[in-house]
Amino acid sequence: MPRFEVLNTDNAYSIRADLPGMIKKDVNIEVNGDIITIKGDRKNKNSNNSNYSEFTYGKFSRSFNLPDDVRQDSIKASMKDGVLALEIPRMEKIDSKVK
């Protein structure tokens, strides 16, 4: 299971996943209602040559609940150096003015 981190800033939520050895086409991101799911499959290309390995391989799936204040139509994903980064923008806060 890959390691994930969720960050919360004033303007957006960020989800990052540590996916060493994987590329974009190995990862699938789905938004269904208020749940975002990240799926993938890390294949072992050298399984016949390995005597010992602490690496993890195989399929994984991880889901996160999206808060009410996200703009689902503006989610951006990028992948660089084996790190998947999702930027999930928040709606602008509306300050109510009291008179």
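Here, residues in each chain are numbered from 1, in the same order as that chain's written sequence. Only residues with pLDDT of at least 70 get local features here, since the model is predicted, and only at 80 or more are side-chain atom pairs given and counted; chain-wide, interface and lining totals rely on the full set of residues. The side-chain numbers reported here are obtained from all heavy atoms of the structure, hydrogens and water having been left aside.

1. Digging into the pairing of strand β2 (residues 12-18)
Item 1. Working definition: with a 1.4 Å probe on protein chains only, accessible area under 20% of the residue-type maximum means buried, over 50% means exposed, and in between means partly exposed. Here a helix means four or more residues in a row that DSSP labels H or I, a strand means two or more in a row labelled E, and each is numbered from the N terminus. Of all seven residues making up β2, five are buried, and the element is well covered by its neighbours.
Item 2. Strand pairing follows a simple DSSP-based rule, namely that at least 2 bridges must link the two strands. Of the pairings in the sheet, the one linking strand β1 (residues 3-8) to β2 comprises six bridges and is antiparallel in character. The partner of Leu 7 across the bridge, within β2, is Ser 14.
Item 3. Connecting the antiparallel pair β1 and β2 is a turn made up of three residues.
Item 4. Here β2 pairs with strand β7 (residues 83-89) via seven bridges, running antiparallel. By the bridge assignment for β7, Asp 18 is matched with Val 83.

2. Quick look at the sheet that holds strand β4 (residues 35-42)
Item 1. What the three strands build is an open sheet, ordered β3-β4-β5; its pairing is antiparallel. Bordering the open sheet on either side are β3 (27-32) and β5 (58-65), each of which pairs with just one other strand. Between one strand and the next, the sheet's axes are offset by a mean angle of 15°, whatever the strand orientation.
Item 2. With six bridges connecting them, β3 and β4 associate as antiparallel partners. Bridging across to β4, Ile 29 finds its partner in Ile 38. Here an axis means a line fitted to C-alpha atoms, over the contact stretch when the element is a helix, while the angle between two N-to-C directions is reported on a 0 to 180 degree scale.

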